[in-house]
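Each chain, letter by letter, is given below.
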Amino acid sequence: MNYEETIERIHGFQKYGSRLGLERMTVLMDILGNPQDSMQVIHVAGTNGKGSVCRYLASILQENGYRVGLYTSPYLERFTERIEFDGREISEEDLTKCAAVVFDAVEKMLAEGYESPTEFELVTAIGFVYFSRKPIDILVLEVGLGGRGDSTNIIKAPLASVIVSISRDHMEVLGDTLVDIAREKAGIIKAGCPVISNVEDPAASAAIQEIANEKGCYFYDASRIKPQNVEKSLTGYSFTVTGAFDYLGESFPVELSMIGMHQIANAVCALSVIEVLGKRGIIRVKVENVQRGIKRAYQKGRLEILRKDPWLIIDGAHNEAGVKSLARVAKEHFPGQRLLLVIGMLADKDVDRLVGEFCTISGDIAAAEPDNPRKLGAEDLCRAVGRAGRSCLVLGDWEKSCDYIRKEMHNYDVVIISGSLYLIGKVRGQFVNENEKGAADL
């Protein structure tokens, strides 16, 4: 198969849905020889921020000379974004070769009467096969959904188990309360492995610590760290951690290229992981390299600025906590400015709750549709905005939405496109490609 045929076959596994549980993954990885068992892994779970924390960790470790694998999900524009080694996406050729190995293993599973793996399980296995072929020192592994039953939880003894945040999302699968969700995500905790938690809710944090204690794990509460000297700008945030780190130093100044107070929390979480692993002698890093690595870290689609005149920003805020973070940034950086908010959502979200949060952002609101069969129609989204007491313009699909943004953006100071990553990725592809073409024409 060529690359396009490989991707088509991978997506064909969508028909098996999303089913938590490690039974299928265990069988699949056994057939593949369990390559993941030989890897040094930092395992990262959480509702929001886990992708950014993974980026921070990978960048810091690379800056300190480690050869780093990075597995994240979902992707924005290219499938190959999900699997990286030393800052480079897996090539189409390597993806095709590794997928062929996994497809053969799946055929053996089916021949022996086992259930087929899901698409996410298949992709995770492809990632493990690819990383096993690279001279990898550390794999930074992002959990897909939840923790306990996620396919990445096939890892037996991680260097650290990290839980970035707990908020309400996927409650139909993970539980009705923050404590229930916390316990599900704490399923990645393994006996004797250090746990770093940045969960602020006291009850949820206590539930995670209880599980860590039961499994004899060292527990580090990153949420107790209060950054000082915070400075905010649209080019990045900076802060200082004082009196919290021994290994990294008594006073540790940090500069970020990513924006938002939630990114400060994510950076503190990542630094706490480096502190714990460094203090235990698992890694060796230099302070200046840590600072340089965390400043270089960059997460596409998370409060990403595509243009500056006017400001054109995309943000994949697709749950309540994410939208609140976006609203805070809009309020702090764009008070009184002419703002257009374009949102698109999937129909299986808590639409009225999310729309209520989006409607706290001042300005005009327009409804777009993500590039996904599960999309919420723009007219239905506008009706939800109306129920929240705001007016809304129906734009339609993502292409019509991009056309509208091009036509109207200069009537605004700020245009923010937010919601589903299936919308954000398409918008990014349109405007980043146009920027690159314009620069080439010059």
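Relevant structure appears above.
All values reported here derive from a predicted model rather than from experimental measurement. (Residues numbered from 1 in each chain as written. Predicted model: local features only at pLDDT ≥ 70, side-chain atom pairs only at ≥ 80, totals over all residues. Heavy atoms only, no water.)

Draft legend 1. Structural detail: the packing of aromatic side chains. If you walk through the whole model with that rule in mind, you get 6 aromatic pairs. Ring centres of phenylalanine 13 and phenylalanine 103 lie 6.4 Å apart, and the angle between their planes is 15 degrees; on these two criteria the pair is classed as stacked. Taken as a pair, phenylalanine 13 in the loop between α1 (3–11) and α2 (23–31) and phenylalanine 103 in helix α4 (residues 92–111) lie far apart in primary sequence, 90 residues in all. Given a relative accessible area of 9%, phenylalanine 13 falls into the buried group. It is arginine 9 that lies over the ring of phenylalanine 103; its NZ or CZ is 4.1 Å from the centre. The ring of phenylalanine 431 carries the charged tip of arginine 406 above its face, separated from the ring centre by 5.4 Å. (Phe/Tyr/Trp six-rings, centres within 6.5 Å; stacked < 30°, edge-to-face > 60°. Helix = DSSP H or I, 4+ residues; strand = E, 2+ residues; numbered from the N terminus. Buried < 20%, exposed > 50% of the residue type's maximum accessible area, 1.4 Å probe, protein only. Lys NZ or Arg CZ within 6 Å of the ring centre and 35° of its normal.)

Draft legend 2. Representation of the layout of surface pockets in the model. Taken as a whole, the second largest pocket encloses approximately 250 Å³ of empty space. In terms of lining, the second largest pocket is formed by 16 residues, of which the most central are Arg55, Glu81, Glu84, Gln299 and Lys300. Residue composition of the lining of the second largest pocket, by class: 4 nonpolar, 4 polar and 8 charged. (1 Å grid on protein atoms, 1.4 Å probe; cavity = no way out; pocket = protein on both sides within 12 Å on 5 of 7 lines; lining within 4 Å. Points joined across faces, edges and corners; volume = space filled by probe spheres on them. Nonpolar A, V, L, I, M, F, W, Y, C, P; charged D, E, K, R; others polar.)

Draft legend 3. Just the state of the cysteines, in detail. Counted by the stated rule, this structure contains 1 disulfide. Across the disulfide from cysteine 382 sits cysteine 392; the S-S distance is 2.4 Å. The sign of the -65 degrees torsion about the S-S bond sets the cysteine 382-cysteine 392 disulfide as left-handed. In this pair, cysteine 382 is assigned in helix α13 (residues 378–387) and cysteine 392 in the loop between α13 and β16 (393–397), connecting sequence segments 10 residues apart. Taking the relative accessible area as the measure of exposure, cysteine 392 reaches 24% and is therefore partly exposed. Between cysteine 54, a cysteine without a disulfide, and cysteine 269, which holds the nearest cysteine sulfur, the sulfur-to-sulfur distance is 9.5 Å. According to the relative accessible area criterion, cysteine 54 is buried, its value standing at 0%. (Disulfide = S-S within 2.5 Å.)

Draft legend 4. Main features of the sheet that holds strand β12 (residues 304–308). Spatially, 6 strands are ordered β12-β13-β17-β14-β15-β16 in an open sheet, and the strand pairing comes out mixed. Here the strands that pair on one side only, and so sit at the sheet edges, are β12 and β16. On average, adjacent strands in this sheet sit at an angle of 20 degrees to one another, irrespective of strand direction. (Pairing = 2+ DSSP bridges. Axes fitted to C-alpha atoms, helices over the stretch in contact; angles between N-to-C directions.)

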